[in-house]
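Residue-level listing of the chains:
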Amino acid sequence: MNFSLSLPALLAIPMVGVLLIALGSRPKTTALWVSVLNLIPGFLASGMVLRSGEILFGPEPIPVREVFPAKFILGMDGLSLSLVWLTLIVTLTAIGTGREGIKREKEYYICLLLIGLGALGAFLSVDLFYFFSFHEVALIPTFLLVGMWGHGDRSGAAWRMTVYLMLGSMVLLVGMIGLFLALPEAARSLDWRVLSESLKANPLSPGIQHVVAALLLVGFGTLVSLVPFHSWAPGGYASAPAPAAMLHAGVLKKFGLYGLLRVALPMVPDGWKEISWLVGLLLAGNILYLGLASLQQRDFRWLLGFSSAMHMGTVFLGLISGTVLGLAGALTLMVGHGLSAALGFAVAGEISRRTGTSWMRDLGGLARRAPQLWFYLMIAAMASIGLPGLANFAGEIMIFFGSWTAHPVLVGVAAWGVVLSAVATLRAVNAMAFGPMSPAVEAEGVTDLKGMRETWPFAVLTIALLLIGVMPLLVYGPARPVLERLSQP
Amino acid sequence: MSSWFFPEILLTLAGVGLVLMDALAPENIRRRIPLFALLASLGILVWSLVPASRVLPTSWLNLFVSDGLSAVFKPFFLLCLVVVTIMACRYRLGADETVRGEFLALPFFPTAGLCLLASARDFLAVFVALEMVSISLYLLAAFHRAKPASLEAGIKLLVMGGLSTGFLVMGIAWLYAGAGTTDFSRLLLTQAGQGANPAVLVAAGLILAGIGFKVAAVPFHAWAPDVYEGAPTPVTAFLAVASKAAGFILLIRVFGLGAFALESIGTYFRPILLTTGIATVTLGTLAALPQRDLKRLLAYSGIAHAGFMILALGTEGEGGIGTVVAYLWAYLLASLPVFLFINELEYLHGSTDMRHLDGLGRREPGPSLGFTLCLLSMAGLPPLAGFPVKLAVLANLWDAGETPALVVAVIMAVAGLGIYLTPIRVMYWEREADFIPARRFPPFLIWVMLVAGFLGVGLGLKPQWLARVAEKSLNPLPVVESIRE
């Protein structure tokens with residue numbers, strides 16, 4: 001049996017789900033089944049990747065020169081493996097936490113499935129054209145999700161988010177155009193495997209590397225909410241409905257980091273090294289500025305938004321470390337943060353749905369009223385602080401060790417960031433969980449999570465966090481050959 | 001020779017036939033004129049797609065040429081005619097209902113003119129073809145005699161079209177005075193290897209201004225919004241798609257491939273084209289953002305698209321030309337369904353204000369989805385047909401090293417998202433409209449819009465098709481070539 005068909009199946013199954021929902025089958029049930037079903041090709045493909053290191057689907061390369069050299073090739077290697085799994089798990093749990101009977105349910109679940117589909121497509125694409133296109137597929141569903149089902153200033157948040165993401169994408173597109181056109185005519189290709197190989201053999205001139213690396217940094221950086229291009233993120237996540245925030249903060253944001261690992265690091269290595277001082281400066285801004293800003297938040301969702309944007313700084317530190325350990329840490333933290341952010345937004349969504357508020361001072365006494373919810377809140381908080389045993393710690397510690405020789409000062413900054421994050425998060429947990437019971441929590445009808453039907457998405461995320469926290473090898477092990485190639489000078 | 005002009009001849013015959021039928025035929029046949037018009041336009045489109053069976057001369061009397069560009073654009077105009085005919089069948093003429101036959105017959109004549117224009121290789125032929133287009137369009141724009149806005153549109157188009165023709169004729173005169181010929185290829189021969197002749201430079205400037213009116217480029221754009229808004233919607237569609245494309249074919253022929261692309265003249269005009277492009281794309285995008293009337297919005301968005309295409313033309317080489325061709329096709333495939341949708345909206349509500357879209361996504365999910373996809377394609381969002389062509393514009397600008405133009409194009413592509421997201425937002429976010437018409441969209445619209453939307457997705461995922469069209473258009477002798485294969 002040809003297992004490479006499992007790659008298109010990963011994309012076709014959500015598409016079928018979208019179609020079924022559009023034609024009138026029950027939205028939540030269908031979306032859920034589709035996401036569960038999608039785990040099967042996920043398993044098959046990962047099995048192949050673990051055995052042979054890589055799996056490809058697509059037309060054989062033809063030597064004929066096309067005017068437009070894009071080819072629809074899907075591929076999966078150790079690096080995309082963990083991100084594909086992150087997408088599968090977060091999509092499943094996001095749909096699991098989605099509400100039934102919400103207004104315009106059909107469109108809601110179609111949008112969620114499309115975001116997951118876009119992310120999967122981007123992580124699976126070998127061709128840069130499709131890599132970019134698939135990411136953009138998620139843009140409009142996000143706009144609609146935030147705008148139609150969001151809270152607070154949803155219209156403003158939706159516009160800000162969309163325009164920022166579009167701007168980032170366009171800058172990144174220009175960067176990729178520059179990269180492509182800088183190649184000699186014969187070597188032009190959009191396949192990142194071919195590109196990485198040929199650029200390793202014949203690197204571009206330093207001048208163009210510099211420009212391209214800077215454009216890619218700004219473009220991908222905007223998508224990852226790197227300071228000073230971050231201002232869409234906290235408000236956008238605060239306004240988004242919980243499943244959308246889970247998918248976007250958990251998965252889609254990782255597209256930018258994945259892009260840097262796939263495009264910037266292997267293709268313009270010298271340019272990337274040249275601008276690593278700038279990256280360092282910006283990531284320090286992420287950690288310190290957003291960390292301080294998160295201390296000031298009074299709304300739990302805003303706090304999550306800020307802290308999720310803040311942790312991206314630490315991942316960037318891993319990306320400029322230049323060591324396998326640092327890169328492995330970055331990858332682990334990407335996955336860990338994806339899971340913990342998803343858990344955090346899921347809990348925040350449940351809390352505000354039950355109590356009608358996400359203001360922290362109105363949520364005192366939650367621990368007594370809803371102990372299960374409180375438990376998962378604590379898991380998300382501890383993961384985000386970096387408690388050993390949870391995935392984020394594994395990632396952070398590898399990043400710190402990996403970048404100590406190259407950037408000791410930044411490691412200090414990042415460590416300080418851990419403190420800031422701990423203060424902000426613990427204060428929030430303290431205000432929300434303990435103390436006298438506030439009227440919003442005491443109100444009738446506020447219930448805890450009930451039974452497996454409501455708990456399972458939280459449990460799945462928690463188990464994944466614990467599993468990776470104990471065995472980070474699960475994430476960086478398969479990716480190791482890729483990361484080793486990246487860190488070679 | 002007759003097979004040479006078959007679309008033009010057939011179009012003219014069909015137009016004349018429809019007019020005669022409208023005037024002379026008995027009532028029971030007259031009622032079927034919409035059907036005949038539709039069949040005629042479809043038939044000509046299908047016939048034009050069948051490859052020619054025998055070798056045709058590549059040039060006729062040195063006035064017309066049969067090359068890749070004309071082969072690619074004749075079906076373009078004919079497709080446009082088909083959609084315009086469908087729209088004209090469904091357009092409410094109110095008190096003028098008795099003259100629907102003429103309303104259906106008239107678009108055949110400008111289409112014939114456009115097909116001639118696509119293969120013109122001499123400024124004299126260009127002029128005749130353009131007049132054939134313009135005069136019918138003046139009539140069509142003012143066709144809704146009971147509506148003051150339509151009359152205003154007709155007058156504006158007449159005055160501005162006259163002005164544009166004036167520029168063009170003046171330019172042709174200067175050209176003849178300076179170069180002694182109006183034939184494109186002879187012009188290229190005489191001007192090649194020479195320094196720029198001042199008379200030819202003046203001529204090129206005047207001709208550029210004349211074409212600028214046609215494509216609604218800044219600073220000759222002011223007529224477009226009012227005319228688009230006032231003219232009957234089918235005519236607006238024709239103006240926005242076919243008439244604009246005609247301007248670009250001329251630009252390609254003279255400024256892209258022809259004499260004005262020569263180094264001696266191009267050095268003066270490439271910066272002018274780029275500046276015009278920057279101004280056009282900026283003005284079009286920014287002015288479209290606050291519009292509340294869909295036709296006005298599309299007028300400004302059309303200006304912005306013209307800007308992108310002019311920017312692509314402003315770069316040297318064949319890449320820019322191919323980009324414009326592909327861009328025009330992507331623009332056609334997205335904007336014709338959009339106009340069709342707006343026409344139906346007007347049929348139900350009597351106006352094209354955006355408030356009629358309120359909550360439409362819930363009432364009419366199918367057409368709304370297709371409309372959304374077409375708008376997103378116009379916004380240049382992947383995976384839709386508008387993306388690869390916008391990508392090609394940006395790539396051309398980068399390749400030519402035109403950084404300021406590139407920066408403006410990127411910013412305006414982002415800002416442009418706002419134009420197209422506004423109707424989408426209205427359709428899906430807003431509450432149900434206050435007034436809901438009892439009638440719904442006709443079933444054919446659902447299918448047309450869905451097919452158009454998913455065609456856009458298909459082309460966005462498989463941009464090679466658009467690229468192949470662009471490549472074909474650059475082929476100097478497609479007819480002979482296809483025989484040999």
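Being a predicted model, the structure only gives us computed values, none of them experimental. Here, residues in each chain are numbered from 1, in the same order as that chain's written sequence. Whichever chain is written first becomes A and whichever ligand is written first becomes 1, with later ones labelled in order. With the structure being a predicted model, the display of local features is reserved for residues of pLDDT at least 70 and the display and counting of side-chain atom pairs for 80 or more, all residues being used for whole-chain, interface and lining totals. Computation of side-chain values: all heavy atoms of the structure, hydrogens and water removed.

**With respect to the overall build of chain A**
Move 1: The way it works is that DSSP assigns letters per residue, a run of H or I at least four long becomes a helix, a run of E at least two long becomes a strand, and they are numbered from the N terminus. Across its full length, chain A holds 24 helices and 2 strands.
Move 2: Values of the radius of gyration come from C-alpha atoms, whereas the globule rule sets the reference at 2.2 Å times the count of residues to the power 0.38. Taking 23 Å as the expected radius of gyration for a compact globule of 489 residues, we find that chain A reaches 21 Å, a close match to that expectation.
Move 3: If one aligns the C-alpha atoms of chain A with their principal axes, the spans along those axes are about 70 × 55 × 40 Å.
Move 4: Among the 489 residues that make up chain A, the fraction classed as buried is 66%.
Move 5: When checking whether two residues touch, look at their non-hydrogen atoms; a contact exists if any pair is within 4.5 Å. Intrachain contacts of chain A at a sequence separation of at least 6 include 82% that bridge at least 24 residues.
Move 6: As displayed, chain A offers around 17200 Å² of accessible surface, 69% of which is attributable to carbon and sulfur atoms.
Move 7: Side chains of chain A give 30 positive and 24 negative charges; the mean places of these two sets differ by 5 Å. Three labels apply to residues, based on accessible area from a 1.4 Å probe with only protein chains included: buried if under 20% of the type maximum, exposed if over 50%, partly exposed otherwise in between. Using a 1.4 Å probe, the Shrake-Rupley method yields the accessible areas, and only the shown protein chains count as cover for residues. In summary, the charge assignment counts Lys and Arg as positive and Asp and Glu as negative, without counting His or the chain termini. Working definition for charges: the position is that of NZ of Lys, CZ of Arg, CG of Asp or CD of Glu.

**Digging into empty space enclosed by the protein**
Move 1: Put simply, the grid is 1 Å and covers the protein atoms alone, a cavity is a trapped set of points that fit a 1.4 Å probe, a pocket is an open set with protein on both sides within 12 Å along at least five of seven lines, and lining residues have an atom within 4 Å of a point. Grid points are joined across faces, edges and corners, and a volume is the space filled by probe spheres set on the points. In total, this model carries 8 cavities of 30 Å³ or more according to the counting rule given.
Move 2: As a volume, the largest cavity reaches approximately 190 Å³.
Move 3: Sorting the residues of the lining of the largest cavity by element identifies helix H16 (300–319), helix H17 (324–355), helix H19 (371–385) and helix H21 (408–433) of chain A as the ones contributing at least two each.
Move 4: Here the lining of the largest cavity gets 6 residues from one element, more than from any other, and that element is H16(A).
Move 5: Basically, the charged four are Asp, Glu, Lys and Arg, the nonpolar ten are Ala, Val, Leu, Ile, Met, Phe, Trp, Tyr, Cys and Pro, and anything else, Gly included, counts as polar. Grouping the constituent residues of the lining of the largest cavity by class yields 10 nonpolar, 8 polar and no charged.
Move 6: Space inside the second largest cavity adds up to approximately 150 Å³.
Move 7: Taken together, 16 residues line the second largest cavity, and the ones lying closest to its centre are Leu157(B), Gly161(B), Lys214(B), Trp223(B) and Ser243(B).
Move 8: Mapped by element, the contributors of at least two residues to the lining of the second largest cavity are helix H7 (123–141), helix H8 (148–179), helix H10 (198–215) and helix H12 (233–257) of chain B.

**Quick look at the interface of chain A and chain B**
One frequent convention defines the size of an interface as the accessible area lost when the parts assemble.
Move 1: Listed as interface residues are 34 residues of chain A and, on the opposing side, 33 residues of chain B.
Move 2: Only one rule defines a salt bridge in this text: a Lys or Arg side-chain nitrogen within 4 Å of an Asp or Glu carboxyl oxygen. Applying the counting rule to chain A against chain B returns 0 salt bridges.
Move 3: Mapped by element, the contributors of at least two residues to the side of chain A that touches chain B are helix H6 (128–137), helix H7 (139–149), helix H8 (154–182) and helix H10 (206–223) of chain A.
Move 4: Of the residues forming the side of chain A that touches chain B, the biggest block, 13 residues, is contributed by H8(A).
Move 5: Split into classes, the residues belonging to the side of chain A that touches chain B amount to 25 nonpolar, 5 polar and 4 charged.

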